[in-house]
Amino acid sequence: MGWFVNEFPKWAFLFLYHATNIGLFIGYFMKYYQQDQYYYLRALVGLGLPFARGAAACLNFNCALILLPVCRNLITFVRGSCLCCKRNMRRQLDKNITFHKTVAYMICLHTAIHAGAHCFNVQNLALAWNHPDNNTAALLSTLSSLPSRANETFINFIRIPNAEPTLEVLKVVPGVSGVIITLSLILIVTSATEVIRRSYFEVFWYTHHLFIVFFIGCIIHGVQGVIRGQTNLKEHDPHNCSSQFREWGRATGCPNPQFGSGGAQTWMWVIGPFVIYLIERILRMYRSFQEVIITKVVKHPSRVIELQLKKKGFRMESGQYIFLKCPSISHFEWHPFTLTSSPQEDFFSVHIRLVGDWTEALAKACIGNEKEIRPTSQLPKLAVDGPFGTASEDVYEYQVDVLVGAGIGVTPFASLLKDMWYKYCDPGFEMKVQKVYFYWICPDTSAFEWFSDLLSSMEQKMAEQGKTGFFESHIFLTRGWDPNQARNIVLHEDDDEDAITGLQQKTQYGRPQWDTIFPAIAQANPEKRIGVFCCGPKTLSSQLHKLCNIHSDPSRYANGTHFYFNKENF
């Protein structure tokens, strides 16, 4: 049951996706392997033809899909529409970037098959002019030498004997465009590795826009029509006439075979997604010209700054994120940040950790020197795109929520906790959520400072209203305490408030023991659907994902408790 709850929709979708790829490859492979119109072309190039065309069909399909997962407005619309109303299906939208990568890997695979097959094809087409003197070789030579005058169309695009295959490839549009496509793809994929993205985001950002060159190359790749099928099968049956090639065009009932191209097809696959993506970029450009006012800049510990912003007509939901652009730093770069304000506030805010050139430059533009914040009139102009939906929007769909953040990964939950508390205290709002568990894993003590005020405020308000049972926080410090802090912690162990955070909930040291936490939550919440929301490193999310599957198994708990895993991805 646990696997079915968390895994089945994903694997069902992947099965459909891969089955479509396999079906397209086999279908086109068999078409070019069996159909009579390609009888003579197969004689020239062999199995390279069906392999190349099968891979080309899969490339068309995947090129049609590759842009859709990065159309953020489309995904946000689908998430909020009735088209995707079931929770299990809606959760699959959170894996849009993962699917984007899967499609990219599939494009790489089929590009390798397609290019490799055509390397053999070109070599065979060059050899077809000068085969050893036997009957088959003579047929290939005859096919290659068919003239390209009216009603006598050629089949071999290499028009001269003893040609150098590499030079001949560079004389035709498919050859030149194929080289450009392959080089663009190599640069796009290699610059998208995690090391490059995290350390040199600008390199990733600019190189990724080679997708424009890639798509233009794909669209024009087939315009010259070098893959040619026979067009006069009724007059010239290749099975009967291939053995009479020396008599073609004479009174034998076998006129010269005629060949033609089916024309370029890639554009028919990609035009729809490309238009959708173009609308996405136009909308982004339009938003970039809308005025954004920085009302406040706050410098927090742990190299974190907070920007409080206002924008006319901006509407948000808790858990969403935006993209920021600072034209004074770069006119093209957009960077994603989770919203940390709640919809009830009259501004929206983001907390930005200073890692990388862009965030450092933004902090310098906002703060100036290390000690003072710049006056509002001297703050840089910003552009905002969004907001966009994430997995965290679904917190209100569960009876119990478990929120797990690691380090700066706590930012999505700042907005959620504020919004949930406002709604919980509103007698006119019926909220399904009955209990919230919050786990925050921090690497050092300074990371607590900018977020503890929110938690302290919630503790105080819950105590004042007698609703202490709704929210339960657990903070874990994994490292970063010195001997003086250790002595201070021991001396204040019996105090009502934590010595580090000042919260009533005491800080715990080390990492959470999830193997004991999950059973405790399950026992305390029988017959409940529990949403587990994680924003943190892959090792943490993978561990929580597995535990959600394990602890949703009915053989473990007879009380009907189920854990649904949700991961922040943007």
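Small disclaimer: the values here were computed from a predicted structure and weren't measured. (Residues numbered from 1 in each chain as written. Predicted model: local features only at pLDDT ≥ 70, side-chain atom pairs only at ≥ 80, totals over all residues. Heavy atoms only, no water.)

## Quick look at the overall build of the protein
Then, in step 1: The helix and strand tally for the protein stands at 21 helices and 14 strands.
Then, in step 2: Expressed as a percentage of contacts within the protein between residues at least 6 apart in sequence, the contacts between residues at least 24 apart total 74%.
Then, in step 3: Accessible surface for the protein amounts to roughly 28000 Å². Of this, 59% is attributable to carbon and sulfur atoms. (Helix = DSSP H or I, 4+ residues; strand = E, 2+ residues; numbered from the N terminus. Contact = heavy atoms within 4.5 Å. Areas by Shrake-Rupley, 256 points an atom, 1.4 Å probe, with all protein chains shown as cover.)

## Remarks on the state of the cysteines
Then, in step 1: Under the criterion given, the structure shown has 1 disulfide.
Then, in step 2: Between the sulfur atoms of C241 and its disulfide partner C254 the distance amounts to 2.1 Å. Measuring the twist about the S-S bond at about -75 degrees, one finds the C241-C254 disulfide to be left-handed. Taken together, the residues C241 in helix α14 (residues 238-241) and C254 in the loop between α14 and β2 (259-261) connect sequence positions 13 residues apart. (Disulfide = S-S within 2.5 Å.)

## Quick word on the pattern of salt bridges
Then, in step 1: The tally for this structure, following the rule as stated, stands at 5 salt bridges.
Then, in step 2: Notably, a salt bridge pairs E168 with K171, separated by 3.1 Å at the nearest N-O pair.
Then, in step 3: By relative accessible area, E168 is classed as buried at 7%.
Then, in step 4: Put simply, D385 and R284 hold a salt bridge, and the shortest N to O gap is 3.5 Å. With a gap of 101 residues between them, D385 in strand β8 (residues 383-388) and R284 in helix α15 (residues 266-288) connect regions that are remote in the sequence. Each member of the pair, D385 together with R284, is buried.
Then, in step 5: Salt bridges sharing partners connect three or more residues here, namely R72, R284, R287 and D385. (Salt bridge = Lys/Arg side-chain N within 4 Å of Asp/Glu carboxyl O. Buried < 20%, exposed > 50% of the residue type's maximum accessible area, 1.4 Å probe, protein only.)

## Thoughts on the sheet that holds strand β6 (residues 335-338)
Then, in step 1: Taken together, the 3 strands give an open sheet; going across it, the order is β6-β5-β8, and neighbouring strands pair in antiparallel fashion. The two strands at the open ends of the sheet, each matched to only one other strand, are β6 and β8. The average angle at which neighbouring strand axes cross in this sheet is 30 degrees, direction not considered.
Then, in step 2: The pairing of strand β5 (residues 321-325) with β6 spans 4 bridges and is classified as antiparallel. Note on β6: the bridge partner recorded for Y321 is T338. (Pairing = 2+ DSSP bridges. Axes fitted to C-alpha atoms, helices over the stretch in contact; angles between N-to-C directions.)

## Focus on the sheet that holds strand β9 (residues 400-406)
Then, in step 1: Pairing is parallel in the open sheet, where 6 strands are placed in the order β12-β11-β10-β9-β13-β14. The open sheet has two free edges, formed respectively by β12 (508-509) and β14 (562-567), since each of these has just one partner strand.
Then, in step 2: One ladder, built from 7 bridges, connects β9 with strand β10 (residues 435-442); its direction is parallel. Paired with G405 across the bridge in β10 is W440.
Then, in step 3: Of the strands in this sheet, β9, β10, β11 (471-477) and β13 (529-535) touch helix α17 (residues 411-425), which is tilted by about 150 degrees from β9.
Then, in step 4: Along the sheet, helix α20 (residues 514-524) makes contact with β9, β10, β13 and β14, crossing β10 at roughly 170 degrees.

## Some thoughts on the nonpolar core
Then, in step 1: Of all hydrophobic cores here, the largest spans 29 residues; its most connected members are Y40, L44, L143, I155, F157, I158 and W248.
Then, in step 2: Elements supplying a minimum of two residues to this core: α3 (39-45), α7 (96-127) and α8 (135-144).
Then, in step 3: Those residues in contact with Y40 that lie beyond four places of it in its chain are L139, L143, I155, Q230, H236, P238, C241, S242, W248, P257 and F259.
Then, in step 4: Membership of the second largest hydrophobic core comes to 26 residues, among which are F29, I188, C218 and V270. (Core = buried A, V, L, I, M, F, W, Y, C linked by side-chain atoms within 4.5 Å.)

## What to know about the pairing of β10
Then, in step 1: Among the 8 residues that make up β10, 8 are buried, leaving the element largely enclosed by the rest of the structure.
Then, in step 2: Taken together, β9, α17 and β10 constitute a β-α-β crossover, and its handedness is right-handed.
Then, in step 3: Where β10 lies against β11, 7 bridges are found, and the strand directions are parallel. Note that in β11 the partner of V436 across the bridge is F471. (Right-handed = clockwise from strand over helix to strand, strands pointing away.)

## Points about the side chain of T207
Then, in step 1: Checked against the element boundaries, T207 lands in helix α12 (residues 201-208).
Then, in step 2: Engagement of the side chain of T207 in a polar contact is seen with the backbone oxygen of V203, the distance being 2.6 Å.
Then, in step 3: Not counting the four nearest positions on each side in its chain, T207 is found in contact with L187, I188 and S191. (Polar contact = N/O pair within 3.5 Å; in protein donor to acceptor, adjacent residues only side chain to side chain.)

## Notes on the pairing of strand β7 (residues 348-353)
Then, in step 1: For β7, the tally of buried residues reaches 5 of 6 residues, placing the bulk of the element in the interior.
Then, in step 2: Of the pairings in the sheet, the one linking strand β4 (residues 304-311) to β7 comprises 6 bridges and is antiparallel in character. Bridging from a neighbouring strand, E306 pairs with H351 of β7.

## Some points on unusual backbone geometry
Then, in step 1: Positive phi outside glycine occurs at N162, with the angle close to 55 degrees.
Then, in step 2: Examined against the element boundaries, N162 turns out to sit in the loop between α8 and α9 (165-169).
Then, in step 3: In this structure, E527 is a non-glycine residue whose phi angle is positive, near 60 degrees.
Then, in step 4: We classify E527 as exposed; its relative accessible area is 63%.

## So, the side chain of N60
Then, in step 1: Here N60 is to be found in helix α4 (residues 48-65).
Then, in step 2: Excluding anything up to four places from it in sequence, N60 contacts T266 and W269.

## Thoughts on the packing of aromatic side chains
Then, in step 1: On inspection of all chains with the given rule, the structure shows 27 aromatic pairs.
Then, in step 2: Between F29 and Y33, the ring centres sit 5.8 Å apart and the planes meet at 25 degrees, which makes this aromatic pair stacked. Here F29 and its partner Y33 are both found in helix α2 (residues 8-34), 4 residues apart, which amounts to about one turn of the helix.
Then, in step 3: Under the relative-accessibility criterion, F29 is labelled buried at 16%.
Then, in step 4: In this structure an aromatic cluster arises from ring pairing among F211, F214, F215, F274 and Y277.
Then, in step 5: Between K435 and the ring centre of Y437, over which it is positioned, the NZ or CZ distance is 5.4 Å. (Phe/Tyr/Trp six-rings, centres within 6.5 Å; stacked < 30°, edge-to-face > 60°. Lys NZ or Arg CZ within 6 Å of the ring centre and 35° of its normal.)

## Some details on the confidence of the model for the protein
Then, in step 1: On average, residues of the protein score 81 in pLDDT, and 83% of them are at 70 or above.
Then, in step 2: Least confident of the elements in the protein is helix α19 (residues 483-491), whose mean pLDDT is 48; most confident is α4, at 95.
Then, in step 3: Here residues 485-492 is modelled with pLDDT under 50, and outside its nearest four sequence neighbours on either side it reaches 10 contacts, counting other chains as well. (pLDDT = per-residue confidence, 0-100.)

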